[in-house]
Amino acid sequence: MARRTAASSYDERDVRVRPGRGSRPRSKLRPAHADATSGLVIAVDRGRYTCVVEPDGHIVTAMTARELGRKAVVVGDHVGLVGDASGRQGSLARIVRVEERSTVLRRSADDDDPVERVIVANADQLMIVTAVADPEPRPRLIDRALVAAFDAGIEPLLCITKADLADPAPLVATYAPLQVPAVVARRTPGTEETDVREVAEHLRDHITVLIGHSGVGKSTLVNALVPGADRATGRVNVVTGRGRHTSTSAVALALPGGGWVIDTPGIRSFGLAHVDADRLILAFPDLAAETEDCPRGCSHADGAPECGLDTALAAGRIDPDRLASYRRLLGSRDGQASD
């Protein structure tokens, strides 16, 4: 064949196509991974996920598949694992699927932040830990945690620590109208140990996430509940009255009597930008039943025009203390995220 020299003599047959990237359209189809191994995420640390393989219980370290995106997996998630799920030292599996969540506990950084931060998935109980003294209770933060629990469909439990320093009865009474169960953890006389037998009974066979501000004794509780947990503990600053963050990430630990407890870092704010009043009232069926005749868009807050809750209160159909407690929660949702 004679050599062509003029540019006009070239045609599409002379264009070389390099094989590899870009040589064919990328398929949107992804493998179903029907043979994936089931696992439970118990810790997240810098892009590595510690999982318990179900049902035999050995530990696997995994990373997430690219298609899941960042922050798609949290502690408490049930996931599908492929690759090396043996758990041998140096092995690394891959999370390719996140199963449907039964519950999601979330918060925002503040009440104006539209970005929701998922704390844990699939918990069925939220234990709000507060000290009766040293540091002083922060009721607004407790109220906000309760709002998040009611919104998520998670049963709340109030745990009061350091009861040897002050009487916990007034704090327990504050939340009695909301029918929130309370458990008191006391130090064993003459020792530095905390008696957690009553707490353990409330946690048995539940997946319980612990929430509380720093210094209230969450990690101390976890260490007493789970022998060998070795969660770091700290002291309260005598100047600020606030604790130092000792837990830096959420971690799920198996309870000896059955169930899981999820320890989380101490919080100083709990934004509720994701919660609206219409969803919150559904957590109080006795009150929700009295709002059918409320005007459209009624906030159900104190002073709301023609609110059915006020009509029911005047007729004696609802408990005034319970209504006051509900409206306090509703007010906490519209207040400041920190306390």
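This text follows the structure it describes.
Everything numeric here is computed off the predicted structure, so don't read it as measured data.

About the thresholds
- Residues numbered from 1 in each chain as written.
- Predicted model: local features only at pLDDT ≥ 70, side-chain atom pairs only at ≥ 80, totals over all residues.
- Heavy atoms only, no water.
- Core = buried A, V, L, I, M, F, W, Y, C linked by side-chain atoms within 4.5 Å.
- Buried < 20%, exposed > 50% of the residue type's maximum accessible area, 1.4 Å probe, protein only.
- Contact = heavy atoms within 4.5 Å.
- 1 Å grid on protein atoms, 1.4 Å probe; cavity = no way out; pocket = protein on both sides within 12 Å on 5 of 7 lines; lining within 4 Å.
- Points joined across faces, edges and corners; volume = space filled by probe spheres on them.
- Helix = DSSP H or I, 4+ residues; strand = E, 2+ residues; numbered from the N terminus.
- Domains from an automatic or database assignment.
- Polar contact = N/O pair within 3.5 Å; in protein donor to acceptor, adjacent residues only side chain to side chain.
- Expected span 1.5 Å × (residues − 1).
- Axes fitted to C-alpha atoms, helices over the stretch in contact; angles between N-to-C directions.
- Parallel < 35°, antiparallel > 145°, perpendicular 65-115°, else oblique.
- Nonpolar A, V, L, I, M, F, W, Y, C, P; charged D, E, K, R; others polar.

1. Observations regarding the nonpolar core
Here's step 1: With 54 residues, the main nonpolar core has L105, L146, F270 and Y326 as its most contacted residues.
Here's step 2: Excluding residues within four positions of it along the chain, L146 makes contact with I128, P156, Y175, L178, V180 and L329.
Here's step 3: Residues V129, V183, A229 and V261 belong to the second largest nonpolar core, which totals 22 residues.

2. Some details on the layout of surface pockets
Here's step 1: Of the volumes computed, that of the largest pocket is approximately 770 Å³.
Here's step 2: Lining the largest pocket are 23 residues; nearest its centre among them are V44, K71, V74, V118 and I119.
Here's step 3: Where the lining of the largest pocket is concerned, the elements lending two or more residues are strand 3 (59-64) and strand 7 (117-121).
Here's step 4: A per-element tally of the lining of the largest pocket places strand 7 first, with 3 residues.
Here's step 5: The two domains that each donate at least three residues to the lining of the largest pocket are domain 1 (37-98) and domain 2 (126-232 + 247-263).

3. Notes on the side chain of K218
Here's step 1: Examined against the element boundaries, K218 turns out to sit in helix 4 (residues 218-225).
Here's step 2: For K218, the side chain forms a polar contact with the main-chain oxygen of T264, separated by 2.6 Å.
Here's step 3: Among all residues touching K218, those that are not within four sequence positions of it are V129, L210, I211, G212, D263, T264, P265 and G266.

4. Topic: helix 1 (residues 139-152)
Here's step 1: With 14 residues, helix 1 extends 20 Å between its outermost C-alpha atoms, agreeing within 8% with the 20 Å of an ideal straight helix rising 1.5 Å per residue.
Here's step 2: Burial of helix 1 is extensive: 12 of the 14 residues sit out of reach of the surface.
Here's step 3: Within the sequence span of helix 1, burial applies to L141, I142, D143, R144, A145, L146, V147, A148, A149, F150, D151 and A152.
Here's step 4: Backbone geometry just after helix 1 places G153 at a positive phi near 75°.

5. Here we look at the packing of helix 1 against helix 8 (residues 320-333)
Here's step 1: Close contact between helix 1 and helix 8 brings their axes to 9 Å; oriented N to C, the two are set at 95°. Between helix 1 and helix 8, the angle is such that the two are roughly perpendicular. The segment helix 1 lies against helix 8, with R140, D143, R144, L146, V147 and F150 engaging R328, L329, S332 and R333.
Here's step 2: The residue makeup of the contact of helix 1 with helix 8, split by class, is 4 nonpolar, 1 polar and 5 charged.

Remember, this is a structural readout, not a statement about activity or role.
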